[in-house]
Amino acid sequence: MKTIIIYTSKYGCTEKAAYLLKNQLGEETEVVNLMLAKEPTLERYNTVILGGSIYYGKIQKQMTEFATKYQNELGKKRIGLFICAGAKGEQATQELKSSFPEELYNQSITKEVFGDEIYEKKLSLLDRLVLRMVKGKNKSVNGLSEETIERFAFAMKKW
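In this text the structure is predicted, and so the values were computed from the model without any measurement. (Residues numbered from 1 in each chain as written. Predicted model: local features only at pLDDT ≥ 70, side-chain atom pairs only at ≥ 80, totals over all residues. Heavy atoms only, no water.)

Observations regarding the side chain of lysine 77
Examined against the element boundaries, lysine 77 turns out to sit in the loop between α3 (71–74) and β5 (78–84). Buried within the structure, lysine 77 lacks any salt-bridge partner; its nearest side chain of opposite charge belongs to glutamate 73, at an N-O separation of 4.9 Å. One polar contact links the side chain of lysine 77 to the main-chain carbonyl oxygen of leucine 42, over a distance of 2.9 Å. Here the side chain of lysine 77 touches tyrosine 45 through a polar contact of 2.7 Å, landing on its backbone oxygen. (Helix = DSSP H or I, 4+ residues; strand = E, 2+ residues; numbered from the N terminus. Buried < 20%, exposed > 50% of the residue type's maximum accessible area, 1.4 Å probe, protein only. Lys, Arg positive; Asp, Glu negative; His and termini not counted. Salt bridge = Lys/Arg side-chain N within 4 Å of Asp/Glu carboxyl O. Polar contact = N/O pair within 3.5 Å; in protein donor to acceptor, adjacent residues only side chain to side chain.)

Spelled out as C-alpha cells, the structure:
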C-alpha cells in the first residue's frame, strides 16, 4: 500500500516528525511539505497522513486549506492525523481536533500530538519574543516524543 505524509512545517519540527514517521512506516512512504511543494495528487495512495505544527493555537493555513479542499477525496482513504505542539492534556487534544475537518478527525485511524521542538535560532524575531513572553522558553528544547511517533506508525500499519 502506498502512503503519503503531507505536512506543513515553518521551522522544522514537523518536518523532523514526518521523517521520523516515514522511517517507521517504510520505503513505500512519500513525504511532502505543502509549504514548499505543489499539492500532491492523492489517487495513487491508499493511506494519507496529515500533519502540521501549531502556531498561536492554530495549524498553518496551507494545511487547513488542503484538508478542506480535498476532504471528499480524503474521506475515501485510510487517514492518520498529527500535530506538533507544545500544549499538553486537554488543550493539546483541542488543538488537534480543531486542526482538521471534523469528518476527517472522526474517520482517522489514529491521531496524536507528537510534542514540540523549538529551534530558537530559526525563529523570527517576533516569534522569539512571543515565545519568551507566553511560554517562558528562551532556548531550544527537545520535546518530540519518538514513543508517540512509533505508536502512531504501529496503529497505521496494523489497521
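Structural notes on the environment of threonine 14
Positionally, threonine 14 belongs in helix α1 (residues 13–25). Residue classification places threonine 14 among the buried positions, given a relative accessible area of 0%. Considered as a pair, threonine 14 and cysteine 84 are 70 residues apart in the sequence and their alpha carbons are 6.0 Å apart. Setting aside chain neighbours within four positions, we find threonine 14 in contact with Tyr7, Thr8, Ser9, Gly51, Gly52, Ser53, Phe82 and Cys84. (Contact = heavy atoms within 4.5 Å.)

Here's the deal with the nonpolar core
Within the largest apolar cluster, 23 residues are counted, with the highest numbers of intra-cluster contacts made by Ile6, Val48, Leu50, Phe66, Leu74 and Phe100. Contributions of two or more residues to this core are made by β1 (3–8), β3 (47–55), α2 (61–69), β5 and α5 (102–107). For leucine 74, the residues in contact, after removing those within four places along its chain, are Leu42, Val48, Leu50, Phe66, Ala67, Ile79, Leu104 and Gln107. (Core = buried A, V, L, I, M, F, W, Y, C linked by side-chain atoms within 4.5 Å.)

So, the environment of lysine 2
Relative to the assigned elements, lysine 2 resides in the segment before β1. Classification of lysine 2 by relative accessible area gives partly exposed; the value is 26%. Along the primary structure lysine 2 and asparagine 46 are separated by 44 residues, whereas in three dimensions their C-alpha atoms are 5.7 Å apart. Leaving out residues up to four positions away in the same chain, lysine 2 has contacts with Glu28, Glu30, Arg44, Tyr45, Asn46 and Thr47.

Examining the pattern of salt bridges
By the definition in use, this model includes four salt bridges. Lysine 2 serves as the salt-bridge partner of glutamate 30, at 3.1 Å between the closest nitrogen and oxygen. Taken together, the residues span a long stretch of sequence, with glutamate 30 in strand β2 (residues 29–33) and lysine 2 in the segment before β1 at a distance of 28 residues. According to the relative accessible area criterion, glutamate 30 is partly exposed, its value standing at 27%. Across the salt bridge formed by arginine 151 and glutamate 112, the nearest N and O atoms sit 3.1 Å from each other.

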